[in-house]
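Chain by chain, the residues:
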Amino acid sequence: MKKIEHIGIAVKNLEESNLLFQKLFGAPAYKQEEVTSEGVKTSFFMNGPNKIELLEATNPESPIAKFIEKKGEGIHHIAFDVEDILSEIERLKSEGFIILNDTPKKGADNKLVAFLHPKGTNGVLIELCQEIK
Ligand SMILES: C[C@@H](C(=O)O)C(=O)SCCNC(=O)CCNC(=O)[C@H](O)C(C)(C)COP(=O)(O)OP(=O)(O)OC[C@H]1O[C@@H](n2cnc3c(N)ncnc32)[C@H](O)[C@@H]1OP(=O)(O)O
Ligand SMILES: [Co+2]
């Protein structure tokens, strides 16, 4: 596992939060993308070397809708950059972590992604990201 790739923040209204984070960072989102399979609309901001992903649910079954219902808006996940997602999944499984999808799926911003259950990681949802080259 290399560096933090992004931090995901669950928001109720992406348009409003885009304006808020634009004011915070002094620069607009560099990309907006819908990921239908995850039931989310996302936007991405760069702040120096760090990337922030805002996520709004697009349907009531979306992980983001459920999260906001239970916990409210806020930090939803931390994503880590990995070189080889399949071998990292195998390594983490052998260490006893609960992988939510053994087969990586297409995420936003040109990445293959997999998630670890927050129950096995002190309540923090972890995302693994491998860049699609
Ligand atoms: C586009 C992409 C990208 O960057 O490329 C993304 O990020 S997509 C990001 C959106 N996609 C995902 O998150 C996909 C992976 N997530 C999931 O599969 C799900 O959200 C789970 C993490 C399994 C949780 O699902 P669900 O709430 O239905 O399960 P559950 O009712 O069994 O909840 C189990 C416990 O986990 C807690 N829980 C749920 N989401 C959590 C989160 N994000 N961080 C910390 N805890 C969380 C619940 O409050 C509950 O706690 P209690 O038991 O204490 O009540
Ligand atoms: Co993410």
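Note that residues are indexed from 1 along each chain, following the sequence as it is written. Throughout, the order in which chains and ligands are written sets their labels, letters from A for the former and numbers from 1 for the latter. In view of the model being predicted, local features appear only for residues whose pLDDT reaches at least 70, and side-chain atom pairs are presented and counted only at 80 or more, with totals across whole chains, interfaces and linings using the full set of residues. Just so you know, side-chain values use all the structure's heavy atoms and leave hydrogens and water out.

Caption draft 1: Here's a closer look at the UniProt feature "domain: VOC" (unreviewed entry) in the protein. With numbering aligned to this structure, UniProt lists the feature "domain: VOC" (unreviewed entry) at residues 3-131. Under the DSSP-based scheme used, a helix requires at least four consecutive residues in state H or I and a strand at least two consecutive residues in state E, with every element numbered from the N terminus. End-to-end, the C-alpha atoms of residues 3-131 are 13 Å apart, and along that stretch the chain is 24% helix and 39% strand. UniProt positions are given in the numbering used here, feature names are shortened, and annotations may be inferred rather than shown by experiment.

Caption draft 2: Broad picture of a positive patch on the surface. A surface patch of like charges, here positive, comprises K66, K70, K71 and K119. With respect to the helices, strands and loops of the structure, K70 is situated in helix α2 (residues 63-71). Distance thresholds for patches are 9 Å for like charges and 5 Å for nonpolar side chains (Val, Leu, Ile, Met, Phe, Trp, Tyr), applied to residues having over 30% relative accessible area and no salt bridge. The method behind every accessible area is Shrake-Rupley, applied with a 1.4 Å probe, and residues are considered shielded solely by the protein chains displayed. When a carboxyl oxygen of Asp or Glu lies within 4 Å of a side-chain nitrogen of Lys or Arg, that pair is called a salt bridge. Only four residue types enter the tally: Lys and Arg on the positive side, Asp and Glu on the negative side; His and the chain ends are excluded. Where a charge lies is defined by one atom per residue type, namely NZ (Lys), CZ (Arg), CG (Asp) and CD (Glu).

Caption draft 3: Structural context of the coordination of the cobalt ion (ligand 2). The cobalt ion (ligand 2) binds to the protein through H6 (NE2), E53 (OE), H77 (NE2) and E127 (OE), with metal-donor distances spanning 2.1 to 2.2 Å. Atoms of type N, O and S within 2.8 Å of a metal are treated as its donors, and for Na, K and Ca the window is 3.2 Å; water is not considered, so some sites may appear to be missing partners. Only four donors with every angle between 85 and 135 degrees are called tetrahedral; only four or six donors with opposite donors over 155 degrees apart and all others between 65 and 115 are called square planar or octahedral, in that order; all others are irregular. Considering all six donor atoms around the cobalt ion (ligand 2), angles at the metal cover 77 to 172° and the coordination shape is octahedral. Spacing between the donor residues of the cobalt ion (ligand 2) along their common chain follows H-x46-E-x23-H-x49-E. Here H6 is found in strand β1 (residues 4-10), whereas its partner E127 is found in strand β8 (residues 126-131), with 121 residues between them in sequence. For the pair shown, H6 and E127 are each scored as buried. Each residue is placed in one exposure class: buried if its accessible area under a 1.4 Å probe, protein chains only, is under 20% of its type's maximum, exposed if it is over 50%, and partly exposed if it falls in between.

Caption draft 4: Quick look at the pattern of salt bridges. Scanning all chains against the criterion turns up twelve salt bridges. Two residues, E5 and K51, come together in a salt bridge whose shortest N-O distance is 2.9 Å. Taken together, the residues E5 in strand β1 and K51 in strand β4 (residues 50-57) connect sequence positions 46 residues apart. Each member of the pair, E5 together with K51, is buried. One salt-bridge network, in which partners are shared between bridges, spans E5, K31, E33, K51, D109 and K111.

Caption draft 5: Summary view of the packing of aromatic side chains. Only Phe, Tyr and Trp rings take part, Trp by its six-membered ring, and two of them pair if their centres are within 6.5 Å. Stacked means planes under 30 degrees apart, edge-to-face means over 60, and tilted covers everything else. Tallying each qualifying case throughout the model produces four aromatic pairs. Plain terms: the ring middles of F25 and F45 are 5.9 Å apart, the flat faces sit at 50° to each other, and that makes the pair tilted. Here F25, found in helix α1 (residues 14-25), pairs with F45, found in strand β3 (residues 40-47); they are 20 residues apart in sequence, far enough to count as distant. F25 sits in the partly exposed class, given a relative accessible area of 22%. Ring geometry for Y30 against F44: centres 6.2 Å apart, planes inclined by 40°, an arrangement best described as tilted. Placement of the pair is Y30 in the loop between α1 and β2 (31-35) and F44 in strand β3, with a sequence separation of 14 residues. Classification of Y30 by relative accessible area gives partly exposed; the value is 39%. Cluster of aromatic residues (ring-pair linked, three or more members): F21, F25 and F45.

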